[in-house]
Amino acid sequence: MSIPVAPTDVSTPQEALLALFPPGTVLGRDGELVIGGCPVTDLAERFGTPALIIDEKALRARARRYADGLAARWENSRVAFASKAFPCTAVYRLLAEEGLSIDVAGGGEMALALAGGVDPASLVVHGNAKTDAELRMAVEAGAGLIVIDNFDDIDRLERIVTGEQPVLVRVTPGIRPDTHAAVSTGQEGSKFGLTLPQAREAIARLRGSDRLRLDGVHVHVGSQILDTEPFARAVEAVADLGTFAVYDLGGGLGVRYTYDDHPPSVEEYLDTLVDTARKTLPAEAHIIIEPGRSMVAEAGATLYRVATVKRGRPTFVGVDGGMGDNLEVALYGQRFEATVATRVGGGEPYDLVGRHCESGDVLSAGVRLRDPRPGDLIAVPVTGAYSFSLSNNYNGALRPPVVFCRDGEARAVVRRETYADLLRRDEPSDRTRQPPLYDVP
Ligand SMILES: *Cc1c(COP(=O)(O)O)cnc(C)c1O
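Attention in this report is confined to the structure presented alongside it. Given the structure is predicted, the values throughout are model-derived calculations rather than measurements.

## A closer look at the overall build of the protein chain
Line of reasoning, step 1. Within the protein chain, the regular secondary structure consists of 13 helices and 20 strands.
Line of reasoning, step 2. Here the protein chain has a C-alpha radius of gyration of 23 Å; the compact-globule value for 441 residues is 22 Å, and the two agree.
Line of reasoning, step 3. Taken over the C-alpha atoms alone, the protein chain extends approximately 65 × 60 × 40 Å along its principal axes.
Line of reasoning, step 4. Here the protein chain holds 441 residues, and 46% of them are scored as buried.

## Regarding the environment of L398
Line of reasoning, step 1. Its location among the elements puts L398 in the loop between strand 18 (377-381) and strand 19 (402-406).
Line of reasoning, step 2. On the neighbour-count criterion, L398 (19 C-beta atoms within 10 Å) is partly exposed.

## A word on the packing of helix 3 (residues 56-73) against helix 10 (residues 266-280)
To characterise two packed helices, one gives the angle between the axes of the helices and the distance between these axes.
Line of reasoning, step 1. Between helix 3 and helix 10, the least distance of the axes is 10 Å, while the angle of their chain directions is 35°. The handedness of the crossing between helix 3 and helix 10 is right-handed. Mapping the contact onto sequence places R65, Y66, G69, L70 and R73 in helix 3 and V266, E267, L270 and V274 in helix 10.
Line of reasoning, step 2. Along the lines of polarity and charge, the residues of the contact of helix 3 with helix 10 split into 5 nonpolar, 1 polar and 3 charged.

## A few points about the pairing of strand 20 (residues 409-414)
Line of reasoning, step 1. Pairing geometry for strand 19 and strand 20, over 5 bridges, is antiparallel. By the bridge assignment, V403 is partnered in strand 20 with A412.
Line of reasoning, step 2. Where strand 19 hands over to strand 20, the hairpin turn is made up of 2 residues, of which D407 adopts a positive phi near 50°.

## Some points on the sheet that holds strand 3 (residues 38-39)
Line of reasoning, step 1. Overall, antiparallel pairing links the 3 strands, which are arranged 1-2-3 in an open sheet. Every other strand in the sheet has two partners, leaving strand 1 (26-27) and strand 3 as the edge strands with one partner each.
Line of reasoning, step 2. By the bridge criterion, 2 bridges tie strand 1 to strand 2 (residues 33-35) in an arrangement that is antiparallel. Across the sheet, L27 pairs through a bridge with L33, a residue of strand 2.

Parameters at a glance
Residues numbered from 1 in each chain as written. Predicted model: local features only at pLDDT ≥ 70, side-chain atom pairs only at ≥ 80, totals over all residues. Helix = DSSP H or I, 4+ residues; strand = E, 2+ residues; numbered from the N terminus. Rg over C-alpha atoms; globule rule 2.2 N^0.38 Å. Buried ≥ 20, exposed ≤ 12 C-beta atoms within 10 Å, placed from the backbone. Axes fitted to C-alpha atoms, helices over the stretch in contact; angles between N-to-C directions. Left-handed = near helix turned anticlockwise from the far one by under 90°. Contact = placed C-beta atoms within 7 Å. Nonpolar A, V, L, I, M, F, W, Y, C, P; charged D, E, K, R; others polar. Pairing = 2+ DSSP bridges.

Below you can see the structure in the form of structure tokens.
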């Protein structure tokens, strides 16, 4: 199978960079980035930095492209957003409004999804180590599908369910896609799902259950997959397990983080899935797909402020965020591009680093920046997926706000944390003095 190459006929460094930002991003007055109609200097002034900026229209357009693309190829189908890629109320609400189902891993995501107005019947509940409390919560909420990941899930659901609960069985087909080991799940020895022989045993047990209704099977082989081949293999593997009403084919389509990444388009990915499904699955089956990363990544960008430019070999450009708001570099070596937000494209290579106390706290090594100076804004594109979910308080960092931009209007859908938030869970009697709670923007 040939690896499709994304259009790279962009001629200038500026155009190359703009192509990584949400569709519709332009250069505004004095050459600054304008995302969702909002100049980034205005966004930084109003919401502070670091800040995660989401182009709302780009996100909605992506959801429609997925849903319409799948429905056009296989009518009896639906798209479930793998919400661990961006679990905040506003995103649940927006994607539910667009008609998507929602995939949750555990009680926390379920609580957020329900708060965001997601129909419980559209929930697909995952987890390789679900607790009794989470299973009970899913059953009581009326979750549409619970995905069986192990035999204990079956035992425990048999005890918890009183009426009838539709379930899927998650299969690990022994497929190792070409991606980072930390985000590969389909290989032999994976902690996720059941091997093919185990899955057959689980299927037989579930067929004898009067409380658990076996609707079908599920497969998800990994994330940031830049080739269509593993997806075709995964469909063939679940097809081998027999005839079911539902086949959930997982997520995992990769996204274009850097100029060197050439992921399949949504349409090429869907063509592969559905072509394989036509050859191997029953024509009347219901197909579910679960995109996470590729649903939200390109709608987002992170804004930082340069704190220091430390000259040397290499020259470090240090910003006011880092692994507290983007853990993907440290976790699995994800590469990102970046630009000075008011002087876009071109320049010399610098090491763009964060403010955290680890040498691995690098946002982008050797990235070209045009004359970066303290006080400049830096924009890192394609941060819509997993950066919010993996954000943390390392070094007492305050987790950044999420700002939705649309037609020149901006609103914070998640506010920045405050120092008071950092203290909120600590036992007040351990506090020997009221600390100065300086306001941060
Ligand atoms: C993470 C995950 C997904 C989504 O993966 P992406 O690479 O973000 O598209 C889908 N299904 C399951 C079960 C997952 O764990």
